[in-house]
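Survey of secondary and tertiary structure
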Amino acid sequence: MHNTDIKIGDVVKLKSGSLEMTVSDIDENMVSVIYWVPAVNEFKTYNFLSELLMKTNLTA
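Let me begin by describing the structure that accompanies this report.

Examining the overall build of the protein
Each helix and strand counted, the protein has 0 helices and 5 strands in total. Element order for the protein, N to C, with α for helix and β for strand: β-β-β-β-β. In terms of C-alpha radius of gyration, the protein reaches 11 Å, essentially the compact-globule figure of 10 Å for 60 residues. When the 60 residues of the protein are sorted by exposure, 23% land in the buried category. At a minimum sequence separation of 6, the contacts of the protein that also span at least 24 residues come to 38%. In the form shown here, the protein has an accessible surface area of approximately 4200 Å², with 55% of it arising from carbon and sulfur atoms.

The following block contains the structure:
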């Protein structure tokens, strides 16, 4: 089941803890996020189940 509180453009992190990530797409119960990796100087993307994510207080 999709976490309907999360929208494209929201800043999220894993409930278990992680860097802040920006939601770039939502499909069924999967959420695509994008985040900056300074060590390699590039953006990365990843897909998570929506239940693993929570919104942060940051704004995109």
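Some points on a nonpolar patch on the surface
A cluster of nonpolar side chains, contributed by Met30, Leu49 and Leu52, occupies part of the molecular surface with about 230 Å² of accessible area. Relative to the helices and strands, leucine 49 is located in strand β4 (residues 42–49).

Here we look at the nonpolar core
If you look at the biggest cluster of nonpolar residues, it comprises 9 residues: Ile6, Val12, Leu14, Met21, Val23, Val31, Val33, Phe48 and Leu53. Counting only elements with at least two residues in this core, the list comes to β1 (11–14), β2 (21–27) and β3 (30–37). Leave out the neighbours within four places in its chain, and methionine 21 touches Asp10, Val11, Val12, Lys13, Leu14, Val33, Ile34, Tyr35, Phe48 and Leu53.

Quick word on unusual backbone geometry
Positive phi, close to 55°, is recorded for glutamate 28, a residue that is not glycine. By secondary structure assignment, the location of glutamate 28 is in the loop between β2 and β3. Exposure remark for glutamate 28: the relative accessible area of 68% places this residue in the exposed category. In this structure, asparagine 41 is a non-glycine residue whose phi angle is positive, near 55°. Considering the arrangement of structural elements, one finds asparagine 41 in the loop between β3 and β4.

Describing the side chain of serine 32
The residue serine 32 is located in strand β3 in this model. A relative accessible area of 19% means that serine 32 is categorised as buried. Within the structure, the side chain of serine 32 is placed 2.5 Å from the side chain of asparagine 47, a separation counted as a polar contact.

Conventions adopted
Per chain, the residues get numbers from 1 upward, laid out in the order the sequence is written. With the structure being a predicted model, the display of local features is reserved for residues of pLDDT at least 70 and the display and counting of side-chain atom pairs for 80 or more, all residues being used for whole-chain, interface and lining totals. Remark: hydrogens and water are excluded; side-chain values derive from all non-hydrogen atoms of the structure. Per the convention used, a helix needs a DSSP run of H or I reaching at least four residues, while a strand needs a run of E reaching at least two, with both numbered from the N terminus. Both definitions apply: the radius of gyration is a C-alpha atom measure, and the globule rule equals 2.2 Å times residues to the power 0.38. Relative accessibility under 20% of the residue-type maximum defines a buried residue, over 50% an exposed one, and the middle range a partly exposed one, all with a 1.4 Å probe and only protein chains included. We call two residues in contact whenever any of their non-hydrogen atoms come within 4.5 Å of each other. For every accessible area listed, the method is Shrake-Rupley and the probe measures 1.4 Å; residues are considered covered only by the protein chains on display. Patch definition: residues above 30% relative accessible area lacking any salt bridge, with like charges linked at up to 9 Å and the nonpolar side chains Val, Leu, Ile, Met, Phe, Trp and Tyr linked at up to 5 Å. A side-chain nitrogen of Lys or Arg and a carboxyl oxygen of Asp or Glu constitute a salt bridge if their distance falls within 4 Å. The definition of a nonpolar core used throughout is a set of buried Ala, Val, Leu, Ile, Met, Phe, Trp, Tyr and Cys residues joined through side-chain atoms within 4.5 Å. Each polar contact in these results corresponds to two N or O atoms within 3.5 Å; when the atoms are within protein, one needs to be able to donate a hydrogen and the other to accept it, and residues that are neighboring in sequence are counted only if both atoms are side-chain atoms.

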